[in-house]
Amino acid sequence: MTQARNSFDYIVIGLGGLGSAAAYWLSREAGREVLGIERFELGHERGESADHSRIIRLTYHNTQYVRFAQASYRTWTEMEEDAGDQFVIKTGEVNFWPAETTLSEESYNTSMAACGVPFERLDANDIRRRFPQFRFTDDIHAVYQPDGGLVAASRANAAHRRMARRNGATLLGNMPVTAIRQNGSGYRVTAGGREYEAGKLVIAAGPWTNDALKHLGIRLPLRVTQEQVTYFASPHLEEFAPGRFPVWIWMILDNFYGFPVYGANGVKAARDRFAPVDPDRRSFIPDGGNERDVSAFLERHIPRAHGPVLYSRTCLLTHTPDADFVLDTVPGHPGVVCAVGATHAFKFASVIGKTLGELLKTGRASEDVSLFRFDRPSMRADTAQSFQIEGFGEHGTVS
Ligand SMILES: Cc1cc2nc3c(=O)[nH]c(=O)nc-3n(C[C@H](O)[C@H](O)[C@H](O)COP(=O)(O)OP(=O)(O)OC[C@H]3O[C@@H](n4cnc5c(N)ncnc54)[C@H](O)[C@@H]3O)c2cc1C
């Protein structure tokens, strides 16, 4: 019986949203020289990336993110062509700007304008005319961006993994990485009690990033929280179909956001919880208070979307102090790259996967990722005082 291989050019640690994308993009050139290792079963729902949908948008508060988002749309298109399937569904995006918000609408609008992204300011009458499903007082205005929409998250993850395997990559589930050691110019990785060797590593371990980095003697100031989304059994589902209803965000710090019907017979909506949690000791029990908050918001502002709760799904978020990603080579380890999604990365999953491969192969990224440096001041554990930032659309976190 042939002995299973244990030596590869690349090992990807973590096959959630970002790691699955990295395995796919690396496999396009390196094929069977790629090994992906996942601690739970492939496609599990214990991390950050499992659900029917995640918001994709160009509406960001600085030009680096807007340009990276533009690159993300191009990369999804390339991946979709290879998969022969569609994962990005443009539904239009409506960002509501209530008077009490502490977020800067101007930073979003000037960043979009600087990058040639079309958008419209809608007053209350415009909103009623264009999206009669919403109920808001006259003092509310919104910004509409036509390219916003959703990514079919779990389907896209499965497609990245399917194509990585088609290209020759080996993907192993239920194999927790328990040790990483330097081995000459490469690395030795212990997973599921077996030893694997590789020249280069990708660390895309999400909420467990520090568990992986500790083997390299490194710790980042990360915070993990438990979040949830709720699906409501609206009696008027057809009114919330993609094409009739946009993705929407109520632009405050701990904001509400929602989707057209996709993947389930319910209208999905959510509010950020930011409840700190130990990813290894979390419960999967939804928070009734959060469900009631979202239910009340729908009843008031999108009444025909409201109905009995179909179900709520919990998941994890990994926060960085400045809410910017980590997407970089690990200092002192030119053969190791790391990505942390900082609460808003799924829309960028494929371009982040592609960029991780570029950094490993050439040390350079084709996109501007200077904002996401591993060793930027706010990421140095000794300087990271508290988690305070400008809000970021679907997750505006505070400490
Ligand atoms: C409720 C909610 C709503 C969101 N909404 C949006 C949105 O609308 N738009 C958007 O862009 N983003 C959104 N996000 C954020 C986005 O989903 C995340 O930023 C992204 O999915 C992070 O992916 P990841 O691969 O880093 O993490 P994960 O998917 O958690 O992947 C990490 C993987 O590493 C594995 N792993 C960890 N340790 C080990 C080990 N020792 N050995 C082997 N494997 C290991 C884990 O099991 C896991 O599979 C949302 C997140 C949540 C929770």
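Scroll up for the structure.
Residues numbered from 1 in each chain as written. Predicted model: local features only at pLDDT ≥ 70, side-chain atom pairs only at ≥ 80, totals over all residues. Heavy atoms only, no water.

**Student:** Mind showing me how you'd approach the overall build of the protein here?
**Tutor:** Scanning the protein for helices and strands turns up eight helices and 20 strands. In terms of overall size, the protein behaves like a compact globule, its C-alpha atoms giving a radius of gyration of 21 Å where 399 residues would be expected to give roughly 21 Å. Dimensions along the principal axes, computed over C-alpha positions, put the protein at roughly 65 × 45 × 40 Å. Long-range pairs, those at least 24 residues apart, make up 76% of the contacts in the protein between residues at least 6 apart in sequence. (Helix = DSSP H or I, 4+ residues; strand = E, 2+ residues; numbered from the N terminus. Rg over C-alpha atoms; globule rule 2.2 N^0.38 Å. Contact = heavy atoms within 4.5 Å.)

**Student:** I would appreciate a short explanation of the site of the ligand in the present structure.
**Tutor:** What surrounds the ligand is a group of 36 residues, the closest being Glu38, His44, Ser49, Ile55 and Cys315. A distance of 3.3 Å is found between an oxygen atom of the ligand and a backbone nitrogen or oxygen belonging to histidine 344. A distance of 3.0 Å separates an oxygen atom of the ligand from a polar backbone atom of phenylalanine 346. In the complex, 98% of the free accessible area of the ligand, which totals 1,000 Å², lies under the protein chains. For the shell around the ligand, the elements supplying multiple residues, two or more each, are helix 1 (17–30), strand 3 (54–56), strand 13 (223–232) and strand 18 (309–319). With three residues, the single largest contributor to the shell around the ligand is strand 18. Of the residues belonging to the shell around the ligand, the class tally is 18 nonpolar, eleven polar and seven charged. (Near = heavy atom within 4 Å. Polar contact = N/O pair within 3.5 Å; in protein donor to acceptor, adjacent residues only side chain to side chain. Areas by Shrake-Rupley, 256 points an atom, 1.4 Å probe, with all protein chains shown as cover. Nonpolar A, V, L, I, M, F, W, Y, C, P; charged D, E, K, R; others polar.)

**Student:** For this particular structure, what's the right way to read the nonpolar core?
**Tutor:** It is characteristic of soluble globular proteins that their nonpolar side chains tend to be buried jointly. In this structure, Phe68, Trp76, Val202, Phe325, Phe348 and Ile352 are the most contacted members of the largest nonpolar core, which totals 73 residues. Looking at which element gives the most residues to this core, the answer is helix 2 (residues 63–83), with nine residues. Ignoring sequence-local partners within four residues, the contact set of valine 202 consists of Ile11, Val12, Ile13, Ala22, Leu26, Val337, Leu356 and Leu360. Among the nonpolar cores identified, the runner-up in size contains 32 residues, and Tyr187, Ala191, Trp208 and Val326 belong to it. (Core = buried A, V, L, I, M, F, W, Y, C linked by side-chain atoms within 4.5 Å. Buried < 20%, exposed > 50% of the residue type's maximum accessible area, 1.4 Å probe, protein only.)

**Student:** Help me understand empty space enclosed by the protein, please; the structure alone is not making it clear to me.
**Tutor:** In this approach, a probe sized like a water molecule rolls over the atoms, and the result shows the empty space that is left. If you walk through the whole model with that rule in mind, you get one cavity of 30 Å³ or more. Every residue along the wall of the largest cavity is listed here: Ala124, Ile127, Arg128, Phe134, Arg135, Phe136, Thr137 and Ile140. A class-by-class count of the residues in the lining of the largest cavity yields five nonpolar, one polar and two charged. (1 Å grid on protein atoms, 1.4 Å probe; cavity = no way out; pocket = protein on both sides within 12 Å on 5 of 7 lines; lining within 4 Å. Points joined across faces, edges and corners; volume = space filled by probe spheres on them.)

**Student:** Before we go on, may I ask you to explain the pairing of strand 13 in this structure?
**Tutor:** When a strand is regular, its side chains alternate between the sheet's two faces. Of all ten residues in strand 13, nine are buried, a share of seventy percent or more. Of the pairings in the sheet, the one linking strand 13 to strand 18 comprises ten bridges and is antiparallel in character. Each bridged residue has a counterpart across the sheet, and for glutamine 226 the counterpart in strand 18 is leucine 316. As paired strands, strand 13 and strand 17 (residues 275–276) are joined by two bridges and run antiparallel to one another. Paired with threonine 225 across the two strands is proline 276, which belongs to strand 17. (Pairing = 2+ DSSP bridges.)

**Student:** Is there a simple way to think about the environment of valine 117 in this case?
**Tutor:** Here valine 117 lies in the loop between helix 3 (105–114) and strand 6 (120–122). In this structure valine 117 comes out as buried when scored by relative accessible area, which is 5%. As for valine 117 and glutamine 145, which are separated by 28 residues in sequence, their C-alpha atoms are 8.2 Å apart.

**Student:** Would you take a moment to explain the pattern of salt bridges for this structure?
**Tutor:** Side chains carrying opposite charge are able to pair once their charged atoms draw close together. The final tally for this structure, using the stated rule, is 26 salt bridges. Arginine 28 is paired through a salt bridge with aspartate 82; the nearest N and O atoms lie 3.8 Å apart. Highlighted residues: arginine 28 in helix 1 and aspartate 82 in helix 2, separated in sequence by 54 residues. The exposure class of arginine 28 is partly exposed, given its relative accessible area of 36%. Since its relative accessible area comes to 29%, aspartate 82 is described here as partly exposed. (Salt bridge = Lys/Arg side-chain N within 4 Å of Asp/Glu carboxyl O.)

**Student:** Whenever I open this one, the packing of aromatic side chains confuses me. Can you help?
**Tutor:** The geometry of an aromatic ring pair is captured by two quantities: the separation of the ring centres and the angle between the planes. Scanning the model with the defined rule gives 28 aromatic pairs in all. Aromatic side chains tryptophan 248 and phenylalanine 297 sit 5.5 Å apart centroid to centroid with 5° between the ring planes, which places their arrangement in the stacked category. Taken together, the positions of tryptophan 248 in strand 14 (residues 247–250) and phenylalanine 297 in helix 7 (residues 288–301) put the pair 49 residues apart, joining distant regions of the chain. Phenylalanine 297 shares its class with tryptophan 248; the two are buried. Their ring planes at 70° and their centres at 5.2 Å tell us that phenylalanine 325 and phenylalanine 348 sit as a pair that is edge-to-face. Note that phenylalanine 325 is positioned in the loop between strand 18 and strand 19 (326–330) and phenylalanine 348 in the loop between strand 20 (333–340) and helix 8 (349–362), a separation of 23 residues in sequence. (Phe/Tyr/Trp six-rings, centres within 6.5 Å; stacked < 30°, edge-to-face > 60°.)

**Student:** What should I look at first to understand the side chain of lysine 268 in this one?
**Tutor:** By the element assignment, lysine 268 lies in strand 16 (residues 267–271). Looking at lysine 268, its side chain comes within polar contact range of the main-chain oxygen of serine 53, at 2.6 Å. Not counting chain neighbours up to four residues away, the residues in contact with lysine 268 comprise Asp51, Ser53, Arg54, Val229, Thr230, Tyr231, Gly258 and Phe259.

**Student:** Help me understand helix 3, please; the structure alone is not making it clear to me.
**Tutor:** For the α-helix, the turn length of 3.6 residues means that residues three or four positions removed from each other point alike. Of the positions making up helix 3, those classed as buried are Glu105, Ser107, Tyr108, Asn109, Ser111 and Met112. In this structure, the buried side of helix 3 is in contact with helix 2, strand 5 (93–97) and strand 7 (141–145). Glycine 116 occupies a position one or two residues after helix 3 and carries a positive phi of about 70°.

**Student:** Which parts of the structure should I look at to understand the sheet that holds strand 4 (residues 88–90)?
**Tutor:** Ordered in space as 3-8-4, the three strands form an open sheet in which the pairing is antiparallel. Only two strands of the sheet have a single neighbouring strand rather than two, namely strand 3 and strand 4. For this sheet, the mean angle separating the axes of adjacent strands, direction not counted, is 30°. Two elements, strand 4 and strand 8 (residues 149–151), share three bridges in a ladder whose sense is antiparallel. Paired with valine 88 across the two strands is valine 151, which belongs to strand 8. (Axes fitted to C-alpha atoms, helices over the stretch in contact; angles between N-to-C directions.)

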